Amino acid sequence: MDKRIIIGGAAVLVIIVIVMFPKGKESVVEPTVKQDTTGARLYDQASSLKMSGDVVQAKEAYQKILTEHPDFVEVEKVQKELEDLNMKIIFSNTPIENKTLVHQIESGDTLGELAKKYGTTIDLIKRSNNLSSNVIHIGQKLRIWTGTFNIFVDKSQNILILKDGHDVLKVYNVSTGNENSTPVGEFTITSRLVDPVWFNKGVAVPPESPQNVLGSRWLGFDRAGYGIHGTIDPETIGQQITAGCVRMRNKDVEEIYSLIPRGTKVVVVN
C-alpha cells in the first residue's frame, strides 16, 4: 500500500476530528453543567428545609441560587417560591434576627398603640400572633415585626416591588397611569382605607357599587388624588390604563395593606 495514501488518510481523519470536536468546546459546556447541578442541589436543599419548617435556612438557600446561579433552569420557580416564603415568614411568629422582637403586654397597651410604637400595623400583629380579635392581656407575649417596609414602582414594567430596607420581598404586577400620568418621585403613605368610597367628579360611589373602581383597599399618597388601590377590572393589570394611581389585584393590595403603615415611603420611577 502506498504510504502517501496512509498519511493522507490520517490527515483527513485529523481534520474530521478537529471539525467535529473543536478546541475549547468542553470549556464552554462544563461550567453550565456544573452550575445547573449546583443550583439543583441547592433547590433540593431549600425544598427539604422548607418542608421541615426551617424557613430561615430555606430562604438563604433560595437566595443563594438567585445570586450565585442565575442561569439555573428553574430560576423563575425559585423566585416565586422565595416570594411566597418571604410572606410566610413575615406573617408567622418565627423570630428573625434584627427584624422581630417580643413585646410583653403591660397595663394600658393596645394593639393600636403597639402598631404606632413599632411602626407596623394592627393586621400584621394579629396575623403574626394568631389573634382573632383586638383583645390582649397583661403578661401576654407578642411577636412584633420591626423591619422597615418600603415600595418601589417601575412604570415601564408595570411592577410594584415590596422591600424591607434594601431586600426585595415580593414583586407584584400592577397597572399605572395612561399617557404616563402616574407621578414620578418619592411619596409617603398618609391614608389607609378598607372598602374605600370613590369620589368621581364630586359624586360619592359607595364601596359595594360595581362602579367603584378602587376595589377593596386604598393606600393614599401625600399627593392628593394619588395612591395604590385595588380594582374591579383585574384583567387590566399590567397595562398603563389608570387615571394616575397604581392599581393592583384585590388580593395583592390586601396583602400589601396588612403590612404597610402610614409613613411608608413609596418611590415611583419611569
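In this text the structure is predicted, and so the values were computed from the model without any measurement.

## Details of the overall build of the protein chain
Secondary structure summary: the protein chain contains 7 helices and 14 strands in total. Put simply, the protein chain has 270 residues, and 40% of those count as buried. Sequence-distant contacts in the protein chain: of pairs separated by 6 or more residues, those separated by 24 or more amount to 58%. Element-wise, carbon and sulfur atoms account for 55% of the exposed surface of the protein chain, whose accessible area totals about 15,500 Å².

## Side note on the environment of P70
Relative to the helices and strands, P70 resides in the loop between α3 (55–68) and α4 (75–91). By relative accessible area, P70 is classed as exposed at 53%. Distance in space between the C-alpha atoms of P70 and G39 is 8.7 Å, their sequence separation being 31 residues. In this view, P70 contacts I65 and V75; residues no more than four positions away in its chain are not counted.

## Some remarks on the sheet that holds strand β5 (residues 167–173)
If you trace the 8 strands from one edge of the open sheet to the other, you get β5-β4-β3-β14-β7-β10-β11-β13, paired in mixed fashion. Looking at the sheet topology across the chains shown, the edges are occupied by β5 and β13 (246–247). The pairing of strand β7 (residues 185–194) with strand β14 (residues 265–269) spans 4 bridges and is classified as antiparallel. Bridge pairing in β14 places E186 opposite V267. Its contacts with the sheet put α4 on β3 (149–154), β4 (159–164) and β5, and the angle it makes with β5 is roughly 115 degrees.

## Comments concerning α4
Spanning 17 residues, α4 covers 25 Å between terminal C-alpha atoms, matching the ideal 24 Å at 1.5 Å per step. Considered for burial, the residues of α4 that qualify are V78, E81, L82, E83, L85, N86, M87, I89, I90 and F91.

## Describing the nonpolar core
Residues F149, L160, L162, I228, I256 and L259 are the most contacted members of the largest nonpolar core, which totals 42 residues. Here the element with the most residues in this core is α4; it accounts for 7 residues. What I256 contacts, discounting residues up to four positions off in sequence, is I151, L160, L162, Y172, L219 and M248. Within the second largest apolar cluster, 10 residues are counted, among which are L111, L114, I125 and L142.

## Considering the confidence of the model for the protein chain
Should the pLDDT be low somewhere, the predicted coordinates at that spot are not to be read in detail. Confidence in the prediction of the protein chain, expressed as mean pLDDT, is 89, and 87% of residues score 70 or more. Note on residues 1–21: pLDDT is under 50 here. Beyond four places in sequence and across chains, it has 1 contact.

## A short note on the pattern of salt bridges
Where charged atoms from two side chains of opposite charge approach closely, those side chains can pair. Per the counting criterion, the structure on display carries 6 salt bridges. E74 serves as the salt-bridge partner of K77, at 3.9 Å between the closest nitrogen and oxygen.

## Quick notes on the pairing of β14
Only one face of β14 is covered, namely the face carrying V266 and V268; the face carrying K265, V267 and V269 is uncovered. Summarising the sheet, β3 and β14 pair through 5 bridges and their orientation is parallel. Bridging across to β14, F152 finds its partner in V267.

## Some thoughts on the environment of P183
Summarising the element assignment, P183 is placed in the loop between β6 (176–177) and β7. Among the residues examined, P183 registers a relative accessible area of 8% and is labelled buried. Separated by 87 residues in sequence, P183 and N270 place their C-alpha atoms 9.0 Å apart. Not counting the four nearest positions on each side in its chain, P183 is found in contact with R223, Y226, G244 and V268.

## Observations regarding unusual backbone geometry
For residues that are not glycine, phi is negative in most cases, and the peptide bond is trans in most cases. The backbone of N180 shows a phi angle near 60 degrees, a positive value even though the residue is not glycine. Structurally, N180 is set in the loop between β6 and β7. Phi is positive for D195, close to 45 degrees, though the residue is something other than glycine. On the secondary structure map, D195 appears in the loop between β7 and β8 (198–200). Under the relative-accessibility criterion, D195 is labelled partly exposed at 44%.

About the cut-offs
- Residues numbered from 1 in each chain as written.
- Predicted model: local features only at pLDDT ≥ 70, side-chain atom pairs only at ≥ 80, totals over all residues.
- Heavy atoms only, no water.
- Helix = DSSP H or I, 4+ residues; strand = E, 2+ residues; numbered from the N terminus.
- Buried < 20%, exposed > 50% of the residue type's maximum accessible area, 1.4 Å probe, protein only.
- Contact = heavy atoms within 4.5 Å.
- Areas by Shrake-Rupley, 256 points an atom, 1.4 Å probe, with all protein chains shown as cover.
- Pairing = 2+ DSSP bridges.
- Axes fitted to C-alpha atoms, helices over the stretch in contact; angles between N-to-C directions.
- Expected span 1.5 Å × (residues − 1).
- Core = buried A, V, L, I, M, F, W, Y, C linked by side-chain atoms within 4.5 Å.
- pLDDT = per-residue confidence, 0-100.
- Salt bridge = Lys/Arg side-chain N within 4 Å of Asp/Glu carboxyl O.

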